[in-house]
Amino acid sequence: MSPAKGLRRLSLCPKGPVAAIPFGDLLEKVGSMGPFQFFSVLLLTLPVLLLASHNLVQNFSAASPEHRCRLPSPANTSHHGHPLLLDQSVWPDRCHRFAVRLALDANGSLSQDRDPELEPCQDGWQYDRSTFTSTIVTEWDLVCHLQPLKSLAQSLFMGGVLVGAFIFGDLSDRFGRRLILIWSLLLVAVTGTGAAFSATFATYCIFRFLSGVGISGFLLNYVCLSLEWVPTKHRATVVATQSYSSTAGQVLLAGLAYGLRDWRWLQLAISAPFFVFFAYSWWLPESARWLLMNNEREAALHNLKRVAKINGKAATGEAVVLEMLETEVANSTSKRGSHSCLDLFRTPTLRRISCCLMLISFSINLAYFGLSMDLSVFGLDVFVVQLFFGTIDLLAKMGCALLLAFFGRRTIQSLSLILAGVFLLLTLAVPSEMLTGRLALVVLGKGCLAASSMCLYLYGGELFPTVVRQTGTSFTMVMARLGGIVAPGVLTAGDFQPFLPLVIFGITPIVSGLAAGFLPEIHNLPLLDTVEEVEERARRKSKAVLKETQEKSRAQVVWSTYF
């Protein structure tokens, strides 16, 4: 049968017809895990170090130190109708002060109210600056009635990540992973630095929101761009390495915050390096797999030859040519058509995958950020708690990576979520005065959440086909940010029922862990490119399971008949 008109194939033979070569095999020929993969993964991993810093920086930049009402200046105090402060060694609370008023009586002499009055802190606040010299709380007096604005800034950042997922998810599938990643890095650099120089709280919030949008664009593309250049057997290693970097960023944040006690310098320290990341990101090539799926074969050929040259296989790279033959990838391209987010829900298998991954992503981030956002509740030094959390997360992810090498993705994803929920629910049975025991269970639960998060990054990238991989990833990221946005509200519910946050943080991972059992197992299976391939694999799996069940049933019948 003659090939379709206009279709070309990638081959390792410059002349004559040859057998079709799947993209994975072609990648092996030009170097599937050589110097190019090492440097590209390294360069994509370096910005990940500062992702945790942007997510959790307000644990330090928005810390609320001890404060009390500022004493009024003498110029603002009079003997007629104005407060004169009583002995301020006894303060009613941090948002009010005692005062008495002196006024002229009928005899023309000064009289004093018998009972002191409570009044708001009209002259501002004095802050304990022994731990932090400056935070956004002390900068703009975000205490007392303005205290909710501190959470608003974090919610706006999470909202920016959510909006970015909507914007960049489809754009990445349409215009490529590389382009969106590059400009997302620049957006984070500019807006993160702008936040450090903000003159007003409103300006700070705007820059934080835009910074979240840029973070989302990078998050959507760095894992996918890495996975599409490495072979199946190394995917878990790559994702584990990048996940380690994210967790190491929590430890780095603790060190930066300890050394930089002024919030502006801390914000600048985690944002300025993104200018460097933006500069070198132009070296990174676009995914050849994505280029082939979008009929940009000349660009794919150029990138494959470049990879072969860097990997020391220049001769093999020169042998890669465009021929007028239909390949597996080209054939998939011919059926590709246009795709949208609706493709995630049109077919049964992909619909099940999308819904389960969205639920898992929401539950992980709801519980994870709920436990990470307010370190002061543990009653320990915030720098020590941040360091401790980062270290435990790193150990948990290392253990997860080891297990992923021997067990399937589905098993690890499900068990890590269920264990996280169980540990958090067990915390409720520990008396509140046993702080160490409660903290140990919370740390174990948070470690399991970190492990499940790493597994999700790998699992989601493998389950979605190339044509909608970024769109699917953007939907899971939207649910993740929704979890991060809802988390502060769940913590607020603890003001009415102290046990409620841990109940919610414990139940949701268990529910999503059970949902993970409905996902297909793809351990050591190649990435798929089209929706049709996903459905076909599921049908073959169903037929194989049905056949195995029937054979077991027949064997049982024969066995029972024999005896």
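None of these values were measured; they are calculated from a predicted model. (Residues numbered from 1 in each chain as written. Predicted model: local features only at pLDDT ≥ 70, side-chain atom pairs only at ≥ 80, totals over all residues. Heavy atoms only, no water.)

1. Topic: the overall build of the protein chain
Phase 1: Along the backbone of the protein chain there are 23 helices and eight strands.
Phase 2: Looking at the protein chain as a whole, 50% of its 563 residues are labelled buried.
Phase 3: The long-range share in the protein chain, meaning contacts at least 24 apart out of those at least 6 apart in sequence, stands at 79%.
Phase 4: For the protein chain, the computed accessible surface area is about 25,300 Å², with 66% contributed by carbon and sulfur atoms. (Helix = DSSP H or I, 4+ residues; strand = E, 2+ residues; numbered from the N terminus. Buried < 20%, exposed > 50% of the residue type's maximum accessible area, 1.4 Å probe, protein only. Contact = heavy atoms within 4.5 Å. Areas by Shrake-Rupley, 256 points an atom, 1.4 Å probe, with all protein chains shown as cover.)

2. Observations regarding the environment of phenylalanine 36
Phase 1: Of note, phenylalanine 36 is situated in helix H2 (residues 35-45).
Phase 2: With 193 residues separating them in the primary sequence, phenylalanine 36 and tryptophan 229 have C-alpha atoms 9.2 Å apart.
Phase 3: Ignoring anything within four residues of it in the chain, the contact list for phenylalanine 36 reads Trp229, Trp283, Pro285, Val307, Ile310 and Asn311.

3. Concerning the pattern of salt bridges
Where side chains of opposite charge bring their charged atoms close, a pairing between them can arise.
Phase 1: All chains considered together, the criterion is met by three salt bridges.
Phase 2: Close ionic contact of aspartate 393 with lysine 446 constitutes a salt bridge, the shortest N to O distance being 2.7 Å. Of this pair, aspartate 393 sits in helix H18 (residues 382-404) while lysine 446 sits in helix H20 (residues 435-463), and the two are 53 residues apart along the sequence. Exposure class is identical for aspartate 393 and lysine 446. Each is buried. (Salt bridge = Lys/Arg side-chain N within 4 Å of Asp/Glu carboxyl O.)

4. Let's talk about the packing of aromatic side chains
Phase 1: Enumeration according to the criterion identifies 15 aromatic pairs in this entry.
Phase 2: Ring centres 5.3 Å apart and planes at 80° place the aromatic pair phenylalanine 38 and phenylalanine 39 in the edge-to-face group.
Phase 3: Owing to a relative accessible area of 42%, phenylalanine 39 belongs among the partly exposed residues under this scheme.
Phase 4: Ring geometry for phenylalanine 274 and phenylalanine 277: centres 5.2 Å apart, planes at 80°, overall edge-to-face. You can see phenylalanine 274 and its partner phenylalanine 277 sitting in helix H11 (residues 273-280), three residues apart, about one turn around the helix. The same class applies to phenylalanine 274 as to phenylalanine 277, namely buried. (Phe/Tyr/Trp six-rings, centres within 6.5 Å; stacked < 30°, edge-to-face > 60°.)

5. Observations regarding helix H8 (residues 201-227)
Phase 1: Between the first and last C-alpha of H8 there are 40 Å, a value that for 27 residues agrees with the 39 Å anticipated at 1.5 Å per step.
Phase 2: Where burial is concerned, most of H8 is hidden: 21 out of the 27 residues are buried. (Expected span 1.5 Å × (residues − 1).)

6. Here's the deal with the nonpolar core
Phase 1: The biggest cluster of nonpolar side chains holds 70 residues, and the ones touching the most others in it are Phe60 and Tyr222.
Phase 2: The element contributing the most residues to this core is H8, with nine residues.
Phase 3: Those residues within four positions of tyrosine 222 in sequence are excluded, and the remaining contacts are Leu44, Val48, Leu51, Leu181 and Gln242.
Phase 4: Listed in part, the 22 residues of the second largest apolar core include Leu357, Leu463, Phe464 and Leu519. (Core = buried A, V, L, I, M, F, W, Y, C linked by side-chain atoms within 4.5 Å.)

7. A closer look at the state of the cysteines
Phase 1: Taken as a whole and judged by the stated rule, the model has zero disulfides.
Phase 2: Summary of cysteine pairing: cysteine 356 is not part of a disulfide, and the nearest cysteine sulfur, belonging to cysteine 355, is at 7.0 Å.
Phase 3: Just so you know, cysteine 455 is unpaired, no disulfide at all, and the nearest cysteine sulfur is the one on cysteine 400, 5.2 Å from it. (Disulfide = S-S within 2.5 Å.)

8. Brief notes about the side chain of serine 198
Phase 1: If you trace the backbone, serine 198 turns up in the loop between helix H7 (177-196) and H8.
Phase 2: Here the side chain of serine 198 touches glycine 194 through a polar contact of 3.1 Å, landing on its backbone oxygen.
Phase 3: A polar contact is formed between the side chain of serine 198 and the backbone oxygen of alanine 195, at a distance of 3.1 Å.
Phase 4: Among residues more than four places away in sequence, those in contact with serine 198 are Trp140, Thr203, Tyr204, Phe207 and Arg264. (Polar contact = N/O pair within 3.5 Å; in protein donor to acceptor, adjacent residues only side chain to side chain.)

9. Topic: the packing of H7 against H11
Phase 1: Across the interface, H7 lies against H11 with an axial gap of 8 Å and an inter-helix angle of 160°. By the angle between their directions, the pair H7 and H11 is classed as roughly antiparallel. Crossing hand, H7 versus H11: left-handed. Facing Ile182, Trp183, Leu185, Leu186, Val188, Ala189, Val190 and Thr193 of H7, the residues of H11 in contact are Phe274, Phe275, Phe277 and Phe278.
Phase 2: Residue composition of the contact of H7 with H11, by class: eleven nonpolar, one polar and no charged. (Axes fitted to C-alpha atoms, helices over the stretch in contact; angles between N-to-C directions. Parallel < 35°, antiparallel > 145°, perpendicular 65-115°, else oblique. Left-handed = near helix turned anticlockwise from the far one by under 90°. Nonpolar A, V, L, I, M, F, W, Y, C, P; charged D, E, K, R; others polar.)

10. Description of a nonpolar patch on the surface
Phase 1: Together, Phe38, Phe39, Leu42, Leu46 and Trp283 give the surface a local cluster of nonpolar side chains, amounting to about 450 Å² of exposed area.
Phase 2: Within the element layout of this structure, phenylalanine 38 appears in helix H2. (Patch = residues over 30% accessible without salt bridge, like charges linked within 9 Å, V, L, I, M, F, W, Y side chains within 5 Å.)

11. Quick look at the environment of leucine 426
Phase 1: Tracing the chain through its elements places leucine 426 in helix H19 (residues 409-426).
Phase 2: Spatially, the C-alpha atom of leucine 426 lies 9.8 Å from that of glycine 445, the residues being 19 residues apart in sequence.

12. Re the confidence of the model for the protein chain
Phase 1: In this model, the protein chain carries a mean pLDDT of 75, and residues with pLDDT of at least 70 account for 74%.
Phase 2: Every residue in residues 75-90 is under pLDDT 50, and counting partners more than four places away or in other chains gives 39 contacts.
Phase 3: The model gives residues 321-336 a pLDDT under 50, and that stretch makes 58 contacts with residues more than four places away or in other chains. (pLDDT = per-residue confidence, 0-100.)

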